[in-house]
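# Architecture and fold: a report
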Amino acid sequence: MHYQTESWGTYLPPTTTVNDPFHRIERLAAENAVVIFSLSSCCMCHAIKRLFCGMGVNPTVYELDQQPLGKEMEKALMRLLGTGSPVPVVFVGGKLVGAMDRVMASHINGTLVPLLKEAGALWL
């Protein structure tokens, strides 16, 4: 199965094994309304978690430095985003929103709240 990301217009590579980091990211991102891939020592990750909590959203957070396949998942996220910094990365409703810049832009331009409502993460 391929995973299409709406905001980036690219596909995740086909997955073949359960331990494949792309497969793991795809599965974890689809399990909850809002998923944040983070590092426990990252200040930008802390800021994005506070943003969602401040909006009344309870995101599921995966601290990659505490995950068994965390390093591989970091590399996969860097490939997915095409950047040198893998975190924070946010998925809403199983769809990639992006890194900090994309999330903040969506918040500022007013498209984040409707996305959260559509995913069932926000009811007001």
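In this report, the structure presented in the accompanying data block is examined. What you see is a predicted model; the values in this text were computed from it and never measured. (Residues numbered from 1 in each chain as written. Predicted model: local features only at pLDDT ≥ 70, side-chain atom pairs only at ≥ 80, totals over all residues. Heavy atoms only, no water.)

### Side note on the overall build of the protein
What counts, and what does not: The helix count covers DSSP runs of H or I at least four residues long, the strand count covers runs of E at least two residues long, and both are numbered beginning at the N terminus. Any residue under 20% of the maximum accessible area for its type is buried, any over 50% is exposed, and the rest in between are partly exposed; the area is computed with a 1.4 Å probe on protein chains only. By the convention used here, residues are in contact when the closest approach between their heavy atoms is within 4.5 Å.
When helices and strands are tallied, the protein shows 5 helices and 4 strands. Mapped from its N terminus to its C terminus, the protein presents α and β elements in the order α-β-α-β-α-β-β-α-α. Residues classed as buried in the protein amount to 44% of the 124 residues present. Within the protein, contacts between residues at least 6 apart in sequence are counted, and of these 61% link residues at least 24 apart.

### Quick notes on the sheet that holds strand 2 (residues 60-63)
Put simply, the test is: Here, strands pair whenever DSSP counts at least two bridges between them. Between N-to-C directions, angles cover 0 to 180 degrees, with each direction set by a line fitted to C-alpha atoms, over the stretch in contact for helices.
One open sheet accounts for 4 strands, arranged 2-1-3-4; its pairing is mixed. Looking at strand neighbours, the two that pair on one side only are strand 2 and strand 4 (95-98), the edges of this open sheet. Adjacent strand axes in the sheet meet at a mean angle of 25°, parallel and antiparallel pairs treated alike. Relative to strand 3 (residues 89-92), strand 1 (residues 34-38) runs antiparallel, the two being bridged by 4 bridges. Among the inter-strand pairings, Val34 is bridged to a residue of strand 3, identified as Val92. Across the face of the sheet, helix 2 (residues 43-54) comes into contact with strand 1, strand 2 and strand 3 while running at roughly 165° to strand 1. Packing against the sheet, helix 5 (residues 112-119) makes contact with strand 1, strand 3 and strand 4, and its axis sits at approximately 55° to strand 3.

### Describing the environment of Val103
Here Val103 shows up in helix 4 (residues 100-109). Sequence-wise, Val103 and Pro88 are 15 residues apart; in three dimensions their C-alpha atoms are separated by 9.7 Å. With residues near it in sequence (within four places) discarded, Val103 still touches Ile48, Leu51, Phe52, Val90, Val97, Gly98 and Leu112.

### Focus: unusual backbone geometry
Cis geometry is adopted by the peptide bond preceding Pro88, which originates at Val87 and carries an omega value of -5°. Here Pro88 lies in the loop between helix 3 (70-81) and strand 3.

### Examining the packing of aromatic side chains
To keep things clear, this is the line we draw: Centres within 6.5 Å are what make two rings of Phe, Tyr or Trp a pair, Trp counting through its six-membered ring; a difference in plane orientation under 30 degrees is then read as stacked, over 60 as edge-to-face, and the rest as tilted.
Within the structure shown, the criterion is met by 2 aromatic pairs. When the centroid spacing of 5.7 Å and the interplanar angle of 25° are considered together, the rings of Phe37 and Tyr62 count as stacked. With Phe37 in strand 1 and Tyr62 in strand 2, the pair connects residues that are 25 residues apart, well separated along the chain. Grouping residues by exposure puts Phe37 and Tyr62 together as buried. Taking the centre distance of 5.8 Å and the plane angle of 85° together, the rings of Phe37 and Phe91 count as edge-to-face.

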